[in-house]
Amino acid sequence: MKNIAPAIFPPNGIGDTKPTNQAVLDWVHEIGRLTKPENIFWCDGSERENEFLIAESLKQNVLIKLDEKKVPRSYLHRSNPNDVARVEKVTFICTPTKVEAGPTNNWSEPAETYSKLYGLLNGAMRGRTMFVVPYIMGPPDSPLTKVGFEITDSKYVALSMRIMTRMGKVALNRLGNDPKAEWNRGVHSLLDVDPGRRFICHFPQDNTIISVGSGYGGNVLLSKKCLALRIGSYLARKQGWMAEHMLILGVESPEGKKHYVAAAFPSACGKTNFAMLIPPKHFKGWKVTTVGDDIAWMEIRDGRLFAVNPENGYFGVVPGTSYKSNPNAMKSIEHDTLYTNVALTDDGDVWWEGKDGPPPKHAIDWRGNDWTPDSKEKAAHPNSRFATPMRNNPALDPNVEKGEGVPISAIIFGGRRSDTVPLVYEAFDWTHGVYLGATMASETTAAATGAVGQVRRDPMAMLPFCGYNIGDYFRHWIGIGKRLTSPPLIFNVNWFRKGTNGKFLWPGFGENMRVLKWVIDRCEQNGGAVKSPVGWLPTPHDLDLDGLDIDHKCVADLLGIDHEEWQKELAAHKTFFDSLGGVVPEELQEQREQLIARFAE
Ligand code: OXD
Ligand code: MN
């Protein structure tokens, strides 16, 4: 399959909606002079434009059409096999000083980096079409909403941006004509998709992103990780709000009382599943709705935290998605979906490991090779993805377009930990909650290149996404707490604890409602808990486990605090803080000492 494809030539009325803002025009002109494309295609987000781009992508073998009856209006794209995940080692924060980027980011000097990237971009779009994609992040009338422009030489990127963002005229309207208005400049070129010439560079002080050499979503849909998180977090600190790697969900009781919860989990730890949770039968009348599945932008109003989802679609991990794990995701991806790196069946359907039903007898795998159930290779890449509009989600929250956002009652941190960390516990207060977030860790997944299954500290699930010094980021969190008069309660969860037999102790998925219910009970001040060294812990009694087939021993193990394991954990917190080279705020060091003291009591 083609990633790099030659120029396309739209008929009149398509690809010619030029913005009127002179600053944008000047910038596009400059990038055009540098990259020397065959032509420029100005996207307006219209249906007609979408149809044209899809038709051209099919002709050029950039997309494969799926069977219209099985998966209506849906397509498959295969990325280059060398290009299937985010690459953190070539992701850079280019602040004027290394200290501003901090100990957790790769840093590179802005002037040198511009010069290197401009060298790579010189003539890079020769013979190709340069797409200019205007988009907004956030509901059209939200004070938090940001405007971005992405220049790209990939049709797949232009088509994905239409799903993942509010794209086209809405952005031109929001920007207006003020040449000094704030907007993000994003430049993407596939170059020749060579891992040796792959760089994802952020220039926060210029609100600029340049990404070259990749076609994989997380590296090239510049709205998402690059703008909404890395540049977003930098702007958020400067402007007094928060950009977080969090899902946002609504929980409504049978009596109609509603709370919103934001939750941070590292990549590929089930955020989309949690955001689309369907309560088990026992929770008759309870409803969970999705505001967002990956990113939350939050600001303070009336002493409370309000959140919007800046995105317009879901870019989720496909393998493992099934009617058992996530029925709402399955319904969302049954139509109008752009798949990347899944398998193609002989009857034009898509397939992946973990999909309901038996595997097909024959398929074409994600690399384009023949596949049968006897093949050693996986049919779908472990990080294969769907891009689907949030409108497809049957559980979409009715307030998703509300500009003021939704009030957050609780924040949940979570990771993938086989041991040590209990199913759920609650922080004693905001600063203790910041400590829980700052020390959270998870076993690594396929969402980024590198070894899978190793425990790494991933503060607030932002390790790969915090666009500035992590110490300042912790300080920003502590500072936000000081401005909140009704702060959300903060929790830590772990769905992934294993028993001595190596099996998961907790069933997860929809049953996570039982944990969510305790979280809501605590917000309503009627959930029971006992004080433990790590925080407020539910007793087995405090969790509603009715109708769940789980034995007492499992529940005790799930909620247990093993002092020996925690001594190792405390040492790991220290090692992590020490590794940051003195940037950790005093308040968090004190939290660590208090935690040690509570264990010694
Ligand atoms: C994602 C990620 O794609 O976190 O959401 O990697
Ligand atoms: Mn993510």
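Positions within a chain are numbered from 1, following the residues in the order the chain's sequence is written. Chain letters and ligand numbers both follow the written order, the letters beginning at A and the numbers at 1. With pLDDT at 70 or above as the cut-off, local features in this predicted model cover only qualifying residues; side-chain atom pairs require 80 or more to be listed or tallied, and sums for whole chains, interfaces and linings still use all residues. Where side-chain values are given, they derive from all heavy atoms of the structure, hydrogens and water being excluded.

## Topic: the site of ligand 1
What counts is decided by this rule: Residues are labelled near a given molecule or strand when at least one of their non-hydrogen atoms is within 4 Å of it. Definition of a polar contact: a pair of N or O atoms within 3.5 Å, with one able to donate and the other able to accept a hydrogen when the atoms are protein atoms, and with sequence-neighbouring residues admitted only if both atoms are side-chain atoms. Note on areas: Shrake-Rupley, 1.4 Å probe, and residue coverage restricted to the protein chains presented here. In this classification, Asp, Glu, Lys and Arg are treated as charged, Ala, Val, Leu, Ile, Met, Phe, Trp, Tyr, Cys and Pro as nonpolar, and every other residue, Gly included, as polar.
Around ligand 1 sit 9 residues in total, of which Arg 86, Lys 225, Ser 267, Asp 294 and Arg 385 are the nearest. Separating an oxygen atom of ligand 1 from a side-chain N or O atom of His 245 is a distance of 3.3 Å. Taking Asp 294, its side chain carries an N or O atom lying 3.2 Å from an oxygen atom of ligand 1. With the chains in place, 94% of the 210 Å² that ligand 1 exposes on its own is no longer accessible. In terms of residue class, the shell around ligand 1 is made up of 2 nonpolar, 2 polar and 5 charged.

## Notes on the environment of Gly 405
Our working definition: Helix and strand definitions here come from DSSP, where helices need a minimum of 4 consecutive H or I residues and strands a minimum of 2 consecutive E residues; each element is numbered from the N-terminal end. Here, two residues are considered to be in contact whenever any of their heavy atoms come within 4.5 Å of each other.
By secondary structure assignment, the location of Gly 405 is in the loop between β24 (385–389) and β25 (406–414). Residues Gly 405 and Val 291, 114 residues apart in the sequence, show an inter-C-alpha distance of 9.4 Å. In contact with Gly 405, not counting residues within four places along its chain, are Phe 306, Ala 307 and Val 308.

## Observations regarding helix α12 (residues 470–483)
Formally: Here the expected length of a helix is defined as 1.5 Å per residue gap, with one fewer gap than residues. Note on classification: 1.4 Å probe, protein chains only; a residue is buried when its accessible area is under 20% of the maximum for its type, exposed when over 50%, partly exposed between these limits.
Here α12 spans 20 Å end to end across 14 residues, near enough to the 20 Å set by a 1.5 Å rise per residue. Buried residues of α12: Ile 470, Gly 471, Tyr 473, Phe 474, His 476, Trp 477, Ile 478, Ile 480 and Gly 481, and no others. Backbone nitrogen of Gly 471 and a side-chain oxygen of the N-cap are separated by 2.8 Å at the start of α12; the cap is Asn 469.

## Considerations on the pattern of salt bridges
Stated formally: A pair is scored as a salt bridge if a Lys or Arg side-chain nitrogen falls within 4 Å of a carboxyl oxygen belonging to Asp or Glu.
Across all of its chains, the model carries 33 salt bridges by this definition. In this structure, Glu 569 and Arg 457 form a salt bridge, with 3.0 Å as the shortest nitrogen-oxygen distance. Here the residue Glu 569 occupies a position in helix α15 (residues 563–579), and Arg 457 occupies one in strand β28 (residues 455–457), the gap between them amounting to 112 residues. Linked through salt bridges whose partners overlap, the residues forming this network are Lys 224, Lys 225, Lys 271, Asp 294 and Glu 311.

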